[in-house]
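Chains, contacts and geometry: an overview
Read off the chains here:
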Amino acid sequence: MLRLISAERLKWRRTFVPWLVWIAPLFTLMLCFLLMGGPYFQTGAYNWWYTMLLPGALTLACSLAMQKDARMKYRALLALPLRPQTLWSAKIAAATGWLLFTILLFFIGISSGGWLFGSKIPLLDSAAGSLLIFLTFLWQIPLCLFLAARFGLFAAVLLNMALNIAGVATFDIGGAWDFMPYTITFRLLCPVLHILPNGLPVPENSPLRSTDTILLDVLVSLIWFAVLFFLTGRSFRKQEAR
């Protein structure tokens, strides 16, 4: 599997994917440094990061990662003496590494910014927030790869970004809507970072400050990841019959 993951990463050469892993967090930090700075640097950067720029960068990275194989109609990939699900798993694992690395870079940058401008978010809370972002964004990887394979780059980016924006607008509806994966990240970071998806602080007496559902929400996100991993893998297997 490690060799397959390395092979997937080699396909990223001469694409924007390796650059994007650096550009996404650095652009977010620079944007908030120029627009906000000071004590609002951290809260502003987190707000832009998990609501807009990370979802967009992840969708774009997954879409670009599919382009080479898609142009060849997956013939070279499916000609290998390996099960299609194994090849699909390698793609997801490579994209997971990309997500982890870019989130780590953002965490280092925002922690350094907190030291420079004065920390508004405690370091442990920031680390917990970054970990939760990683865990609750995992399910988007198989989805974005599938959307890119089925509909192409631009449709995948537009559709996933539109659904992320809808998640921001509806994250606090409650009820069964709490199990929709696009709302989970925005709801989870309220009690951890104490900021709303619009960048404003969570009111002191707000139920959104409750940490009671953090474990359940993370579990729901991981279940979504497992379900999408399985379903998109089955869909990719059908490429072999085409």
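All of the points below concern the structure found in this document. (Residues numbered from 1 in each chain as written. Predicted model: local features only at pLDDT ≥ 70, side-chain atom pairs only at ≥ 80, totals over all residues. Heavy atoms only, no water.)

Checked against the element boundaries, Met30 lands in helix H2 (residues 17-35). With a relative accessible area of 48%, Met30 lands in the partly exposed category. Considering only alpha carbons, one finds Met30 and Val202, 172 residues apart in sequence, at a separation of 25 Å. (Helix = DSSP H or I, 4+ residues; strand = E, 2+ residues; numbered from the N terminus. Buried < 20%, exposed > 50% of the residue type's maximum accessible area, 1.4 Å probe, protein only.)

Taken together, the side chains of Met30, Phe33, Leu34, Leu35, Met36, Tyr40, Trp48, Met52 and Ile165 make up a nonpolar region of the molecular surface, amounting to roughly 930 Å² of accessible area. Of all the secondary-structure elements, those providing two or more residues to the nonpolar patch are H2 and helix H3 (41-71). It is H2 that provides the largest number of residues to the nonpolar patch, a total of four residues. Considering the arrangement of structural elements, one finds Leu35 in helix H2. Judged by its relative accessible area of 58%, Leu35 is exposed. (Patch = residues over 30% accessible without salt bridge, like charges linked within 9 Å, V, L, I, M, F, W, Y side chains within 5 Å. Areas by Shrake-Rupley, 256 points an atom, 1.4 Å probe, with all protein chains shown as cover. Salt bridge = Lys/Arg side-chain N within 4 Å of Asp/Glu carboxyl O.)

This part is about the environment of Phe117. Looking at where Phe117 falls in the secondary structure, it is placed in helix H5 (residues 84-117). Taking relative accessible area as the criterion, Phe117 reaches 27% and is therefore assigned partly exposed. Along the primary structure Phe117 and Phe33 are separated by 84 residues, whereas in three dimensions their C-alpha atoms are 9.7 Å apart. Sequence-distant contacts of Phe117, that is, excluding residues within four places in its chain, are made with Phe33, Gly38, Pro39 and Phe41. (Contact = heavy atoms within 4.5 Å.)

All told, the structure shown has three salt bridges when counted by the stated rule. Where Arg187 meets Asp178, a salt bridge forms, and the shortest distance between an N and an O atom there is 3.5 Å. The residue Glu204 makes a salt bridge to Arg209 at a minimum N-O spacing of 3.6 Å. Three or more residues joined by partner-sharing salt bridges are found here, namely Asp178, Arg187 and Asp217.

So, on to helix H7 (residues 140-151). Taking 1.5 Å per residue as the helical rise, H7 with its twelve residues ought to reach 16 Å, and the 16 Å between its terminal C-alpha atoms agrees with that figure. Looking at H7, one finds that the buried residues are Gln140, Ile141, Pro142, Leu143, Cys144, Leu145, Leu147 and Ala148. (Expected span 1.5 Å × (residues − 1).)

All told, the structure shown has six aromatic pairs when counted by the stated rule. Measuring from ring centre to ring centre gives 5.2 Å for Tyr46 and Phe106, while their planes differ by 75 degrees; the resulting arrangement is edge-to-face. With Tyr46 in helix H3 and Phe106 in helix H5, this pair connects stretches of sequence that are 60 residues apart. The two residues Tyr46 and Phe106 agree in class, both being buried. Between Trp49 and Phe106 the ring centres are 4.5 Å apart and the planes differ by 5 degrees, which places this aromatic pair in the stacked class. Within this pair, whereas Trp49 is found in helix H3, its partner Phe106 is found in helix H5, the two being separated by 57 residues in sequence. Chaining the aromatic ring pairs together yields one cluster made of Tyr46, Trp49 and Phe106. (Phe/Tyr/Trp six-rings, centres within 6.5 Å; stacked < 30°, edge-to-face > 60°.)

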